[in-house]
Structures are given as structure tokens and as C-alpha cells.
Amino acid sequence: MDKELEHSFVELLEQHQNIIHKVCRLYTNNYDAHNDLFQEITIQLWKAYPKFRGDSKFSTWMYRVGLNTAITLYRKSKRTINTQDFDGVEFKMKAEDYDDTEEQQLKTLYKAVHELNDIEKALVFLYLEDKDYREISETMGISEVNARVKMNRIKTKLKTILNP
Amino acid sequence: MDELELLKKDWGKQDSTYKQLSTNDIYPMLQKKSSSIVKTLFYISIGELVFWILINTIPYFSSDSYREKLDAVYSNDTILVGLTIISYAVILLFIYLLFKSHKAISVTDNAKKLMESILKTRRVIKYYVIYNLVMAFVSMVVGLYFSIIHNPKLSETISHFNQKQLMMTYAIMIGCVAVFVVIIWLFYKLLYGLLLKRLNRNYKELKKLEV
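Residues numbered from 1 in each chain as written. Chains lettered and ligands numbered in written order. Predicted model: local features only at pLDDT ≥ 70, side-chain atom pairs only at ≥ 80, totals over all residues.

Helix and strand content of chain A: seven helices and zero strands. Beginning at the N terminus, the succession of helices and strands in chain A can be written as α-α-α-α-α-α-α. Looking at chain A as a whole, 38% of its 164 residues are labelled buried. For chain A, the share of sequence-separated contacts (at least 6 apart) that also reach a separation of at least 24 residues comes to 68%. (Helix = DSSP H or I, 4+ residues; strand = E, 2+ residues; numbered from the N terminus. Buried ≥ 20, exposed ≤ 12 C-beta atoms within 10 Å, placed from the backbone. Contact = placed C-beta atoms within 7 Å.)

Another point: the nonpolar core. Residue and element names in this part refer to chain A. Residues Val23, Ala122 and Leu123 are the most contacted members of the largest nonpolar core, which totals 55 residues. No other element matches helix H1 (residues 2–27), which puts nine residues into this core. Discounting chain neighbours no more than four positions away, the residues touching Leu123 are Ile136, Ala147, Lys150, Met151 and Ile154. (Core = buried A, V, L, I, M, F, W, Y, C linked by C-beta atoms within 7 Å.)

Okay, unusual backbone geometry next. Where the residue is not glycine, phi is negative for most of them; where a peptide bond is considered, it is trans in most cases. All names here are of chain A. Phi is positive for Asp130, which is not a glycine, with a value near 65 degrees. Residue placement: Asp130 occurs in the loop between helix H5 (118–128) and helix H6 (133–140). Judged by the 10 C-beta atoms lying within 10 Å of it, Asp130 is exposed.

Residues and elements named next belong to chain B. In the contact formed by helix H6 (residues 111–149) and helix H9 (residues 197–208), the axes pass within 10 Å of each other and the chain directions differ by 130 degrees. Viewed along their axes, H6 and H9 adopt a mutual orientation that is oblique. Between H6 and H9 lies a crossing whose hand is left-handed. For the pair formed by H6 and H9, the contact residues are Ala111, Lys112, Met115, Ile118 and Leu119 on the first element and Leu199, Asn202, Tyr203 and Leu206 on the second. In terms of residue class, the contact of H6 with H9 is made up of seven nonpolar, one polar and one charged. (Axes fitted to C-alpha atoms, helices over the stretch in contact; angles between N-to-C directions. Parallel < 35°, antiparallel > 145°, perpendicular 65-115°, else oblique. Left-handed = near helix turned anticlockwise from the far one by under 90°. Nonpolar A, V, L, I, M, F, W, Y, C, P; charged D, E, K, R; others polar.)

Right, let's talk about the confidence of the model for chain A for a bit. Residue and element names in this part refer to chain A. Averaged over chain A, the pLDDT score is 85; the fraction of residues at 70 or greater is 85%. When mean pLDDT is compared element by element in chain A, H5 scores highest at 96, while helix H4 (residues 102–114) scores lowest at 87. The low-confidence segment residues 79–96, where pLDDT is below 50, has 23 contacts with residues more than four positions distant or belonging to other chains. (pLDDT = per-residue confidence, 0-100.)

Okay, the interface of chain B and chain A next. By a widely used convention, the size of an interface equals the accessible area lost when the partners come together. Counting residues at the interface gives 41 residues for chain B and 48 residues for chain A. Those elements giving two or more residues to the side of chain B that touches chain A turn out to be helix H1 (3–11), helix H2 (23–31), helix H3 (37–62), H6 and H9 of chain B. A per-element tally of the side of chain B that touches chain A places H1 of chain B first, with seven residues. Tallied by class, residues from the side of chain B that touches chain A come to 20 nonpolar, 10 polar and 11 charged.

Here you go:
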């Protein structure tokens, strides 16, 4: 039975692994840290899997466990670089760095998103994954109205970063 | 175009850029140990329980004369026996509360509820530490007082003190014990502060959204 459970879990995880990769991409900034967080999310998913009853989609369940691990449970190992140290530091672009080409804009945007705090990153992540405000609010434990307000503030913050 | 819409457009195209793991890569990952803060918190709470129980029982088992003295006191003093029973009942209560709060932590809850469950567990440990520090403070002060009273040389010296000197002696005694207790308390604050720094910051951020 345990082997069957393990097998079904590994198969599902293999299919949906990009969800974890994307969480890791937002919350880490190097290869080792990415692998470290990937490992921890996998363990947390596996530990919680016996209670997964299938009343929600496996992917929806993964978003919740993945984000909870990244925001709350994950303790960075010593070998990973602490990206959170940059939290709260005002990130300003120099005018000469700014380029109108879409590629350059995207590069700057990814950099800007990395400078957001953990909660803001979670909201942005769910937004980028095309989740509606009901799902965002349920995952984060805040009201839909507050989720909307916060998303608007994040958009303004990103605008300010991009157009200092 | 809205900045996030531009990002969203690109975000969807990123899937092919991640290194895809095979089932053979995933199986060994399931055997690895977690290093989450909940696990660390669990080990620390077990450590707290064991540490304070040992502090209370080691002197009893390490010295025959101390044990004999205590046994003699206990056989004559029902209040002390009652207090001891209460202190063990309190430890059992804390074990129960810790077990309950640890069981309530679920990674599948929403982010805010998960943080609250962890903070609740941390509060139980905090109350346990405060309880032990208060008990340690009271027993050290009472212990010092009785050891002075029962030491002929010391009580002889103290009997010559005037009111002011006597007050000073007691103040120094209480002050030293208080400093000792505060140092231990600061150590705990630092330990939990470091462990839960990020969680506290994120919880505050979520709470801020409700204002």
C-alpha cells in the first residue's frame, strides 16, 4: 500500500513539478538554494500526501503547500544565499539602465519582483499563475478585498521601481 | 501594458526552461529529512521539557545526603508534597498542550492559519519557560534565605546587621538571582527570535493587510 502511495505521489509530482520550480524561482536566487527549497517542498508535500483526499486538484493543493513551505516553514540551509536580507531595501533603477525593449523590461521586472517581500511575492506568484482573487484570498488567509487592494499596491510599487 | 500583464505573458512561457526531474530523481528526495522550523521548534520544545525536568531531579539523584534530607523534609511537610505534585501536574499539562498545538500545525492550512498555529506553539513554550523561570527565581530566593538562616556563621553575622544593612543584603541577593533569571530569559528570546524572525515578519505583513 505504501509503495502504491509513494508511486502515485511521485508520478503526480513529476507531472506538476513546474509549480515547485516556479515557487523556487521566486524565493531563491541561485541553483543550490533552488534545489534546497525544492527538496523541502517535496518533503512537506510527501508528508501531507496521505491526508490529500482529492477534493481539490493536486495542483491547487501543491500551490498551498509550496507557498506555505517557502514563506513559513523553510529554514535556509547555511550554504544558500539569503535573499531576504534585501527585503525592505528600496530598489531604484538608474535611468541609464532603463531600456524600452520588451526583453529589457522583463529582465527588470523579474529583478523587481525579487525585491518584493515574501507575502507580496506569494500574491504575485498566484496572480501570474492566473488564480482568481477568491483562490488567492483562500490560499493566503486574507479577504478578497484585501487581496485586491494589496495587488494594486504591488502594481504601483512595481511601476515606481520601473519608472523612478 | 500593465507591468504584471507583461510578466504574466512571459511567465507562462518559462515552463520549458526548468530542469525536469525524473521519477528516479524524486524517489530519493522522499527519504531526506526535513529542516523546517516546525521540526526545529519540536526538538527545542522536547529539549525544554527534558532540561527543566533534569534540573529539578538531578540534585535528588546525584547526592545521597541531599536525598535523605529531602526525604526527611517530604515525610514531614504535606505542603511541600502538595507543591511537588502540582509542579508535576503542570509539566504534564504543558506536555499535553505542546502535543495538541504541534498536532494542530498543518501545512495544508492557509498561510495565515499556519503561521498562527506555529506562533501558538511558540506561546505554549514561552509560558512553560516563564513558569520555570518564576519557579527558579522563587526557589533560589527562598533557598538562599533558608541557607542563611540555617547556617550558624552567616546568621550570626547577619544578626549584627542594622535594618539598612539587612535590606541591602536581601536586595543584593534578590538582584543576583534576578540577573541570572533575566540572562536565561534573554537567551530564550534570542533563540526564538532568530528561529522565528522571518515568520514574525511575514505574519505582521499579513496582519497589516487587515487594518
